Amino acid sequence: MLVSVCTIARNEEEYLPHLLEDITKQDYPAEQIEVVMVDSSSTDGTRRIMERFAEKNPQYHNCVVTENPGNNQASGWNQAIRSSTGDIIIRLDAHGRIPEDFVSKNVECMESGEYVTGGPRPNLPEKDTPWQRLLLSAESSMFGSGIAGFRRENEKKYVKSMFHAAYRREVFEKVGLFNENLGRTEDNEMHYRIRQAGYRLCYDPQIHSWQYVRSSIPGMMKQKYGNGDWVARTLGVCPGCLSIYHFVPFAFVIAILVTSILVALKKPFLAIAMWITYWCGAIGMAILSVKNEAKHICQLLLPGIFFLLHLSYGVGSVVGMGKMIKDKITKK
């Protein structure tokens, strides 16, 4: 099978070279790999890195460098799909890393009869420092990042969504391309349509990949805010592609607002009960997250980091809910 390995990037000159190096180390025959790189109007050296890779790697079936015609991830992935010619299309995040058997393991799973494949995608720290390991603990914890199976499960099964997934071309030919009206939830909506069309998403624990965690608290908070914003806005487009756990931070922020009003009315019981429950949970999950790691004083900050991530996601959801409602009213 001809495999199109695709990635889109905007200002990723720091991370993209690592991913491209991983692609050169694949044990799948190079002449059966097509590399498709989409630049999203980068202002750093990302485009030059792509072009240099294409020039220096003639061993591949094809190397394509193209431009994202839109301003979001969905339009970038659609451009990658249109520019590819492979029987299999693999979607890779520019912040990601893959082992040398990543392509071959996906092909092997496809050849067993599957149409969409993928596997676990845990996080990596940028650097091996106590602070970076702390951020990794926050992102890797179920309490900090959610219950998505692609982060940690080790059982082969069919799932609702995956990261760094591979698709047979006919899947896109049948269900269409990514919805360009969506931001960070375009993969959830696509996978929902894929399932509705009768295909199954095969999660194989032998197909490994990784993604770098954001390197700072502000970076993580910005990411969580954007995730919450787009989850809420997607509710008005495709509620079936979301799960109840996507809205837990939204409920948390609403609970903060409601209990704060009750405190102002001199009814503090619910606020006291909520905060005791929350901080006991945060501290307990922090202890579980670092119990097998080398101890460092910065780990005492983990409960507070959990709180900032939950607050950022929840506030983003509240804002996104307002945008979604406004869009619905405007359309009427």
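Residues numbered from 1 in each chain as written. Predicted model: local features only at pLDDT ≥ 70, side-chain atom pairs only at ≥ 80, totals over all residues. Heavy atoms only, no water.

Attention now moves to the packing of aromatic side chains. Counting across every chain of the model gives 15 aromatic pairs. Ring centres of Phe 252 and Tyr 278 lie 4.7 Å apart, and the angle between their planes is 15°; this geometry places the pair in the stacked category. Of this pair, Phe 252 sits in helix α10 (residues 248-264) while Tyr 278 sits in helix α11 (residues 269-290), and the two are 26 residues apart along the sequence. Residue Phe 252 shares its accessibility class with Tyr 278, and that shared class is buried. Relative to Phe 307, the ring of Phe 252 lies with its centre 6.3 Å away and its plane at 90°, an arrangement referred to as edge-to-face. Of this pair, Phe 252 sits in helix α10 while Phe 307 sits in helix α12 (residues 302-331), and the two are 55 residues apart along the sequence. For the pair Phe 252 and Phe 307, a shared accessibility class is recorded, and that class is buried. Here a set of aromatic residues connected by ring pairs shows up, and it is made of Phe 143, Phe 252, Trp 275, Tyr 278, Trp 279, Phe 306 and Phe 307. In this structure, Arg 233 packs its charged tip against the face of Trp 230, placed 3.8 Å from the ring centre. (Phe/Tyr/Trp six-rings, centres within 6.5 Å; stacked < 30°, edge-to-face > 60°. Helix = DSSP H or I, 4+ residues; strand = E, 2+ residues; numbered from the N terminus. Buried < 20%, exposed > 50% of the residue type's maximum accessible area, 1.4 Å probe, protein only. Lys NZ or Arg CZ within 6 Å of the ring centre and 35° of its normal.)

Before going further, it helps to examine the sheet that holds strand β10 (residues 201-203). Taken together, eight strands build an open sheet; the order of strands is β3-β2-β1-β4-β9-β6-β10-β8 and the sheet is mixed. The sheet terminates laterally at β3 (62-67) and β8 (157-159), the two strands that pair on one side only. If you compare each strand with its neighbour and ignore which way they point, the axes differ by 25° on average. Judged from the six bridges that link them, strand β2 (residues 33-39) and β3 form a sheet pairing that is parallel. Bridge pairing in β3 links Val 38 to Thr 66. Against the sheet, helix α8 (residues 186-196) contacts β4 (88-93), β6 (116-118), β8, β9 (166-168) and β10, and its axis sits at roughly 110° relative to β10. (Pairing = 2+ DSSP bridges. Axes fitted to C-alpha atoms, helices over the stretch in contact; angles between N-to-C directions. Contact = heavy atoms within 4.5 Å.)

With that settled, the discussion passes to the packing of α10 against α11. The geometry of α10 relative to α11 is characterised by a closest axis approach of 8 Å and an angle of 140° between their N-to-C directions. Counting all contacts with α10, which are made through Phe 252, Ala 255, Ile 256, Thr 259, Leu 262 and Val 263, the residues of α11 involved are Leu 270, Ala 271, Met 274, Trp 275 and Tyr 278. In terms of residue class, the contact of α10 with α11 is made up of ten nonpolar, one polar and no charged. (Nonpolar A, V, L, I, M, F, W, Y, C, P; charged D, E, K, R; others polar.)

The subject of this paragraph is the pattern of salt bridges. The tally for this structure, following the rule as stated, stands at eleven salt bridges. Linking Glu 189 and Arg 193 is a salt bridge whose minimum nitrogen-to-oxygen distance equals 2.8 Å. Placement of the pair is Glu 189 and Arg 193 together in helix α8, with a separation of four residues, close to one helical turn. Linking Lys 323 and Asp 229 is a salt bridge whose minimum nitrogen-to-oxygen distance equals 3.2 Å. One end of the pair, Lys 323, is in helix α12; the other, Asp 229, is in helix α9 (residues 217-234), with 94 residues separating them in the sequence. Judged by its relative accessible area of 7%, Asp 229 falls in the buried class. Among the charged side chains, a network of salt bridges with common partners joins Arg 47, Glu 51 and Glu 67. (Salt bridge = Lys/Arg side-chain N within 4 Å of Asp/Glu carboxyl O.)

Further remarks concern unusual backbone geometry. Phi at Ser 41 takes a positive value of approximately 55°, unusual for a residue other than glycine. With respect to the helices and strands, the residue Ser 41 is situated in the loop between β2 and α2 (46-56). If you check the backbone angles, His 164 has positive phi at about 50° while not being a glycine. On the secondary structure map, His 164 appears in the loop between β8 and β9. Judged by its relative accessible area of 4%, His 164 falls in the buried class.

Moving on: the nonpolar core. Counting residues in hydrophobic clusters, the biggest one holds 29 residues, and the most contacted among them are Val 3, Ile 23, Val 35, Phe 53, Ile 90 and Leu 92. Every element with two or more residues in this core is listed here: β1 (3-9), α1 (16-24), β2, α2, β4 and α4 (102-111). (Core = buried A, V, L, I, M, F, W, Y, C linked by side-chain atoms within 4.5 Å.)

A few words now on a nonpolar patch on the surface. Taken together, the side chains of Ile 254, Leu 257, Val 258 and Val 318 make up a nonpolar region of the molecular surface, amounting to roughly 280 Å² of accessible area. Among the elements that line the nonpolar patch, the one with the most residues is α10, at three residues. (Patch = residues over 30% accessible without salt bridge, like charges linked within 9 Å, V, L, I, M, F, W, Y side chains within 5 Å. Areas by Shrake-Rupley, 256 points an atom, 1.4 Å probe, with all protein chains shown as cover.)

Across the sheet, which stays open at both edges, the three strands sit in the order β5-β11-β7 with mixed pairing between neighbours. Each having just a single partner strand, β5 (96-97) and β7 (123-124) make up the two edges of the open sheet. Alignment of β7 against strand β11 (residues 210-212), held across two bridges, turns out to be parallel. Bridging from a neighbouring strand, Asn 123 pairs with Gln 211 of β11.

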